[in-house]
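Observations on chain architecture
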Amino acid sequence: MVFSSLFFLYAFFPLCMVLYALARTISARNIILLIFSLIFYAWGEPVYMLLLIGMAFFDWLFALQMPKGHRKLWLVLACVVNLGILGVFKYLNFAADNIAAIFGADSPITAIALPIGISFYTFQLLTYVIDVYRGEVLAQRKFTTILLYASLFHQCIAGPIVRYADVENELTARRVDWADVSEGVRRFCVGLGKKVIIANTCGNLADTLIAGGDGSITLASVEAAPAAALWVSMLAYMLQIYFDFSAYSDMAIGMGRMVGFHYLENFNYPYIARSIKEFWRRWHMSLSTFFRDYVYIPLGGSRCSTGRTLLNMLVVWALTGLWHGASWNFVLWGLWFFVFLAAETLVLGKALKKVPAVGMLYALIVVYFGWVLFRFQDMEVIGAVLRGMFGAGNGGWSSFEAATLIKNHAFFLPVAMVCTTPLFAILSRGWAQLGKRNRVAAVSYSVAQLVWPLVLLFVSTVMLVGNSYNPFLYFQF
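A brief report on the enclosed structure follows.

What counts, and where the lines are drawn
Residues numbered from 1 in each chain as written. Predicted model: local features only at pLDDT ≥ 70, side-chain atom pairs only at ≥ 80, totals over all residues. Heavy atoms only, no water. Helix = DSSP H or I, 4+ residues; strand = E, 2+ residues; numbered from the N terminus. Rg over C-alpha atoms; globule rule 2.2 N^0.38 Å. Buried < 20%, exposed > 50% of the residue type's maximum accessible area, 1.4 Å probe, protein only. Contact = heavy atoms within 4.5 Å. 1 Å grid on protein atoms, 1.4 Å probe; cavity = no way out; pocket = protein on both sides within 12 Å on 5 of 7 lines; lining within 4 Å. Points joined across faces, edges and corners; volume = space filled by probe spheres on them. Nonpolar A, V, L, I, M, F, W, Y, C, P; charged D, E, K, R; others polar. Axes fitted to C-alpha atoms, helices over the stretch in contact; angles between N-to-C directions. Parallel < 35°, antiparallel > 145°, perpendicular 65-115°, else oblique. Left-handed = near helix turned anticlockwise from the far one by under 90°. Salt bridge = Lys/Arg side-chain N within 4 Å of Asp/Glu carboxyl O.

The next point concerns the overall build of the chain. Helix and strand counts for the chain stand at 20 helices and zero strands. Against the globule reference of 23 Å for 477 residues, the chain gives a C-alpha radius of gyration of 23 Å, in line with a compact fold. Structurally, the chain occupies a C-alpha span of about 70 × 65 × 50 Å along its principal axes. Taken over 477 residues, the chain has a buried fraction of 50%.

Right, let's get into the environment of Ala 273. Looking at the element boundaries, Ala 273 is found in the loop between helix H10 (227–258) and helix H11 (276–282). Here Ala 273 falls in the buried class, since its relative accessible area comes to 2%. Once the C-alpha coordinates of Ala 273 and Trp 283 are considered, the two residues, 10 residues apart in sequence, prove to be 9.6 Å apart. Residues within four places of Ala 273 in sequence aside, it is in contact with Glu 278, Phe 279, Arg 282, Gly 359, Met 360 and Ala 363.

The gaps of empty space that remain are located by a probe, the size of a water molecule, rolled over the atoms. Empty space within the largest pocket amounts to approximately 1,300 Å³. Lining the largest pocket are 39 residues, and of these Arg 186, Val 190, Phe 424, Ala 425 and Trp 452 lie nearest its centre. The element contributing the most residues to the lining of the largest pocket is helix H20 (residues 439–464), with eight residues. Along the lines of polarity and charge, the residues of the lining of the largest pocket split into 25 nonpolar, eight polar and six charged. Computed from the structure, the second largest pocket encloses a volume of approximately 510 Å³. Elements represented by at least two residues in the lining of the second largest pocket include exactly H11, helix H12 (285–299), helix H13 (306–324) and helix H14 (328–354). With six residues, H12 is the single largest residue contributor to the lining of the second largest pocket. Broken down by class, the residue content of the lining of the second largest pocket amounts to eight nonpolar, six polar and three charged.

Before going further, it helps to examine the packing of helix H8 (residues 178–210) against H20. In the contact formed by H8 and H20, the axes pass within 9 Å of each other and the chain directions differ by 40°. Classed by the angle they form, the pair H8 and H20 counts as oblique. Along this stretch, H8 crosses H20, giving a crossing that reads as left-handed. Listed contacts from H20 to Arg 186, Cys 189, Val 190, Leu 192, Gly 193, Val 196, Ile 197 and Thr 201 of H8 are Gln 449, Pro 453, Leu 456, Leu 457, Val 459, Ser 460, Met 463 and Leu 464. Within the contact of H8 with H20, the residues separate by chemical class into 11 nonpolar, four polar and one charged.

All right, on to the pattern of salt bridges then. All told, the structure shown has 11 salt bridges when counted by the stated rule. The partner of Arg 186 in a salt bridge is Glu 183, and the shortest N-O contact between them spans 2.8 Å. Here Arg 186 and its partner Glu 183 are both found in helix H8, three residues apart, which amounts to about one turn of the helix. Residue class for Glu 183 comes out partly exposed when judged on its relative accessible area of 23%. Note that Arg 292 and Asp 293 form a salt bridge whose closest N and O atoms lie 2.7 Å from each other. For Asp 293, a relative accessible area of 15% gives the class buried. One network of salt bridges, in which partners are shared, links Arg 187, Lys 194, Asp 250 and Glu 265.

Following this line, the structure appears as structure tokens:
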């Protein structure tokens, strides 16, 4: 089940909200949220719901033991259990395949299915146990509260990664007023519009431009694609992955707000960054801060010598790449960013600050080619894409089909690019400020705030009816 499905929009979520509103106590409301969260998770793979419950149980138990003594032992056990389970399900096949390839043998391990969202809820549970160990939060005595924290359907599947410390009080005592509900609905509808109207359109274009006759993207189809198709396909993918993932975060934040949870922001217009360091302060911020606070700083951060600092960064970015998937292209993607971050740390950072426009162009180019590494797991395909982009492929520079598709999106793509900037947010704030001095502006702004989310909901619904293209890219991570 995905947020942008008609069943979720018009059955699952409304029923949850109705029952939630009818409940009078926080305990009853938490039970409703927990039941709906477990149903939501079990919808796609009911067996792995037991894995989620089991991991939450062990982390609840380990954290409870810490105040009694042997804190480090319980922390080590928690890390072994959590990372061990994540390693088995996400990386065991990868390790076995690589070892088998070295010795020229077949992998002895049957393919293991990856539980949806395991990377996200594993990291969330780790933040809870580590923060209890550090004394930053108290161990929660009720197991159902920890299970609710780990399984909340708003963000369990694809983030943002919510730290227990940020929602500790709201899990057991929260209040909601109409302003929360109104803002939550607005934020959810904006996210839905970003997903259905922009991300899906970009994704469909990105795939169609380089797909073969059967609709699949293969080495042969990429080698036959003209350079124009490859460049625009990657631009469309660059837009798709931003709007897809940030839309999910918007919807998660909006739904949380409707029931009193205030999740932290996960995206802050990353494509206007003026350096790669700034890009990662704006992109998937919950993951960036996780690695900063739970890996980079404990390793010594930047307080060490230059060589040690670079080593710490290398570890973090290798892990960041590997976190996204058990494939060498993701490791290469992480190391790609490490190279530029290291360069900025050593010499490039000061120069970029002096010329912001150059910094923005540089960051966009680095990120653009980074998405090539991220998008394709087959190294041969990556090589074919890069060769084809610069005219060394078999498809030439353009074709009638590619030119037609690109022309059909000649208005849409620039609008989508503008939507990656804070332009509309700036205009909205200006409109609101004008409303404080002008009654007509105030009334029109209030009407727009009411009507705009409904328009987005209506248009998104119309586009979802009969549309089979509706993936969420980050479900696979």
